[in-house]
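Fold and contact review
Each chain, written out:
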Amino acid sequence: MVVDTQTWEQTFQELIREAKPWATWTLKLDGNLQLDCPAQGWKQYRQRAFGWFRCSSCQRSWASAQVQILCHTYWKHWTSQGQVHVRVFGQRCQKCSWSQYEMPEFSSGSTTRILNNLVQHILEKYYRNGMRKSSEMPVILEVALDGSHDTANCEARTLGVCGQGLKSYMTKPSKSPLCHLNIRSSSPGTGVYIPNPAKNQSAGAKGAKGSEYEKLGHSDGSDPSVIYVTILLLVLIVIKCFTSE
């Protein structure tokens, strides 16, 4: 998996031009960025995101809400031109020995969130004198996660980037979680639950049957009001018979 560079650039341009139509900004992916080492005149920005990974060796898939993203930004005030360099850190497969760091793939919603937060940082640092008009958009879990972050296979953790000074803004997955990847049925790693579509459909069918059963109700006539009326009618019939005799 690799980051869709074209989509990132297009989305970034749309967001920055909406805020600053006359400014010129460029975005570039740079795998050599280092934490706390921006070039002279550049500023640093970090965030984390929800992403999907797939092992290039065994094709195992997993998800993570701890994908680390490092950005360095630079702006020339006199020309209204700015630059952004972005590094996305990878993760390794738990199951494969000597596996390489895989790059994540992001859903469209996660990509928009990442770049919107980046644009808000740019506006805050270069156009608003440090004033932020809106809070950072939180990480949205696209599937339920169970367990802790696999730090042993996190590239950012080995480089001292992961988990340092980042606020834990995160929201739970929606009732209908977005699974934008065509994930094969593989055993997910520790801390990740990837739903099985067939299993979910089976569970949904059982739930539908249960709901239908509850809606129809029991057919054993155990409603107390029905029993009471039936007894009363029988008593009236018996009384009528004795009266007739």
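See the structure above.
Throughout what follows, the structure given in this document is the object of discussion. (Residues numbered from 1 in each chain as written. Predicted model: local features only at pLDDT ≥ 70, side-chain atom pairs only at ≥ 80, totals over all residues. Heavy atoms only, no water.)

**Here we look at the pattern of salt bridges**
Summed over all chains, the structure comprises one salt bridge. E155 is the salt-bridge partner of R87, the closest N and O atoms lying 3.2 Å from each other. Taken together, the positions of R87 in strand β4 (residues 81–88) and E155 in helix α3 (residues 155–158) put the pair 68 residues apart, joining distant regions of the chain. In terms of burial, R87 and E155 fall into one category: buried. (Salt bridge = Lys/Arg side-chain N within 4 Å of Asp/Glu carboxyl O. Helix = DSSP H or I, 4+ residues; strand = E, 2+ residues; numbered from the N terminus. Buried < 20%, exposed > 50% of the residue type's maximum accessible area, 1.4 Å probe, protein only.)

**Structural notes on the sheet that holds strand β2 (residues 43–54)**
Backbone hydrogen bonds are what pair the strands of a sheet, in a parallel or an antiparallel way. Ordered in space as β1-β4-β3-β2, the four strands form an open sheet in which the pairing is mixed. Two strands lie at the open edges of the sheet, namely β1 (24–29) and β2, each paired on one side alone. The average undirected angle you get between the axes of adjacent strands in this sheet is 25°. Relative to β4, β1 runs parallel, the two being bridged by six bridges. Residue pairing across strands places K28 opposite H85, the latter belonging to β4. Against the sheet, helix α2 (residues 108–126) touches β1, β2, β3 (61–76) and β4, its axis set at about 180° to β2. (Pairing = 2+ DSSP bridges. Axes fitted to C-alpha atoms, helices over the stretch in contact; angles between N-to-C directions. Contact = heavy atoms within 4.5 Å.)

**A short note on the packing of aromatic side chains**
Using the criterion set out here, one finds seven aromatic pairs in the structure. With a centroid separation of 5.4 Å and 20° between ring planes, the pair formed by W42 and Y74 is classed as stacked. Within this pair, whereas W42 is found in the loop between β1 and β2, its partner Y74 is found in strand β3, the two being separated by 32 residues in sequence. Each member of the aromatic cluster is reached from another via a ring pair, and the members are W25, W75, Y126 and Y127. (Phe/Tyr/Trp six-rings, centres within 6.5 Å; stacked < 30°, edge-to-face > 60°.)

**Describing the nonpolar core**
With 30 residues, the main nonpolar core has W8, F12, W25, I69, F106 and L118 as its most contacted residues. Within the residue set of this core, elements represented by two or more residues are α1 (5–19), β1, β2, β3, β4 and α2. The leading source of residues in this core is α2, at seven residues. Discounting chain neighbours no more than four positions away, the residues touching I69 are W8, Y45, R46, Q47, A49, V86, R87, V88, F106 and I114. In terms of nonpolar packing, the next biggest core, distinct from the first, is built from eight residues, L35, A156, V161 and C162 among them. (Core = buried A, V, L, I, M, F, W, Y, C linked by side-chain atoms within 4.5 Å.)

**Regarding the packing of α1 against α2**
Where α1 contacts α2, the two axes come as close as 10 Å, and the packing angle between them is 40°. With respect to α2, the axis of α1 lies oblique. Of the two elements, α1 crosses α2, and the hand of that crossing is right-handed. Taking contact as the criterion, the partners of W8, T11, F12, L15, I16 and A19 in α1 are, on α2, T111, T112, I114, L115, N116, L118, V119, I122 and L123. (Parallel < 35°, antiparallel > 145°, perpendicular 65-115°, else oblique. Left-handed = near helix turned anticlockwise from the far one by under 90°.)

**Quick word on α2**
For α2, built from 19 residues, the straight-helix expectation of 27 Å at 1.5 Å per residue is met to within 8% by its first-to-last C-alpha distance of 27 Å. Summarising burial for α2: 14 of the 19 residues are buried, a large majority. (Expected span 1.5 Å × (residues − 1).)

**What about unusual backbone geometry?**
Trans peptide bonds make up most of the peptide bonds, and negative phi angles are found at most residues other than glycine. At D36, a position not held by glycine, the phi torsion is positive, near 60°. Of note in the backbone geometry, W98 takes a positive phi value of approximately 60° without being a glycine. Take W98: it is sitting in the loop between β4 and α2.

**Notes on α1**
When the terminal C-alpha atoms of α1 are compared, their 21 Å separation across 15 residues agrees well with the 21 Å that a helix rising 1.5 Å per residue should span. For α1, the set of buried residues is W8, T11, F12, Q13, L15 and I16.

By themselves, these observations are geometric and do not establish any function.
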